[in-house]
Amino acid sequence: MDDRAALIEDTLQRLADTVGDPQPLIYARLFTLRPDFEPMFELDRDGGVRAYMLETCFDCVLGQAAGSEAPRFHLEAARLQHDGYGLTAADLDLIFAAIRDVCRDTLGESWDEKRDAAWASLLDELSGLTEETTG
Ligand code: HEM
């Protein structure tokens, strides 16, 4: 495993160890970034859709860190699946920004420059993949 993959995995492990299920924090952060996204989930009363979506997003984060091709396919599917909501590629990237922000806030002082750079480059790559699938 390279340094970046190790840092990303370590970050998510620390997040889970500190907050347990990070789902409420991540969606709260997303809706702070974009309040207009919140009503889109109104029909998801039990949070099941949000849980599955976030799981897919975590797969993308870990998959991209591990050099897997899976994120490309997940993001291609997400582009199609979310088209009806009028979400752009840049909009889809915001869930990854929300994940990163919650990790940064949770880790506090252990969020150093190296970790920040690891996440920044990962988010850049995911954003590049989402753009690529824009058809
Ligand atoms: C900020 C960005 C995003 C917003 C606002 C958003 C919004 C939504 C909404 C409203 C739904 C429920 C309606 C439906 O199933 O059509 C949904 C479902 C889903 N989203 Fe997203 N999405 C975002 C980013 C992503 C990304 C980047 C991925 C994949 C990497 C993703 C994967 C999924 C999946 C797999 C489901 C289906 C869940 C299920 O049917 O159980 N979403 N999303």
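What counts and how
Residues numbered from 1 in each chain as written. Predicted model: local features only at pLDDT ≥ 70, side-chain atom pairs only at ≥ 80, totals over all residues. Heavy atoms only, no water. Near = heavy atom within 4 Å. Polar contact = N/O pair within 3.5 Å; in protein donor to acceptor, adjacent residues only side chain to side chain. Helix = DSSP H or I, 4+ residues; strand = E, 2+ residues; numbered from the N terminus. Nonpolar A, V, L, I, M, F, W, Y, C, P; charged D, E, K, R; others polar. Expected span 1.5 Å × (residues − 1). Buried < 20%, exposed > 50% of the residue type's maximum accessible area, 1.4 Å probe, protein only. Contact = heavy atoms within 4.5 Å. Core = buried A, V, L, I, M, F, W, Y, C linked by side-chain atoms within 4.5 Å. Arc of directions from axis to C-beta.

An unreviewed UniProt entry annotates the protein chain as Globin originating from Henriciella algicola.

J.: When you look at the site of the ligand in this model, what are you seeing that I'm missing?
T.: Surveying the vicinity of the ligand reveals 20 residues, the closest of which are Met53, Gln81, His82, Tyr85 and Asp91. His82 is positioned such that a nitrogen or oxygen atom in its side chain is 2.7 Å from a nitrogen atom of the ligand. Secondary structure elements with two or more residues in the shell around the ligand: helix 3 (48-65), helix 4 (70-81) and helix 5 (89-107). When residues in the shell around the ligand are grouped by element, the largest group, 6 residues, is from helix 3. Here the residues of the shell around the ligand are counted per class, giving 16 nonpolar, 3 polar and 1 charged.

J.: What should I look at first to understand helix 1 (residues 3-19) in this one?
T.: For the α-helix, the turn length of 3.6 residues means that residues three or four positions removed from each other point alike. Taking 1.5 Å of rise per residue, 17 residues should cover 24 Å, and helix 1 covers 24 Å from first to last C-alpha, within 8% of that figure. Residues Arg4, Ala5, Leu7, Ile8, Thr11, Leu12 and Leu15 constitute the buried set of helix 1. Packing partners of the buried residues in helix 1 comprise helix 3, helix 5 and helix 6 (113-132). Positioned one or two residues after helix 1, Gly20 has a phi angle of 75 degrees, which is positive.

J.: Please explain the nonpolar core as it appears in this structure.
T.: Buried together is how nonpolar side chains tend to be arranged in soluble globular proteins. One finds Ile26, Tyr27, Val61, Ile95, Phe96, Ile99 and Trp119 to be the most contacted residues of the largest nonpolar core, which totals 36 residues. Where this core is concerned, the elements lending two or more residues are helix 1, helix 2 (23-33), helix 3, helix 4, helix 5 and helix 6. With 8 residues, the single largest contributor to this core is helix 5. Filtering out sequence-adjacent residues up to four positions away, Ile99 remains in contact with Ile26, Leu54, Cys57, Phe58 and Trp119.

J.: Just to check I follow, could you spell out helix 2 for this structure?
T.: Within helix 2, burial applies to Gln23, Ile26, Tyr27, Leu30 and Phe31. Down the axis of helix 2, the buried set is contained in an arc of 130 degrees. They therefore lie on one face. Across helix 2 from its buried face, at more than 90 degrees, point the exposed residues Pro24 and Thr32. Buried residues along helix 2 sit in contact with helix 3 and helix 5.

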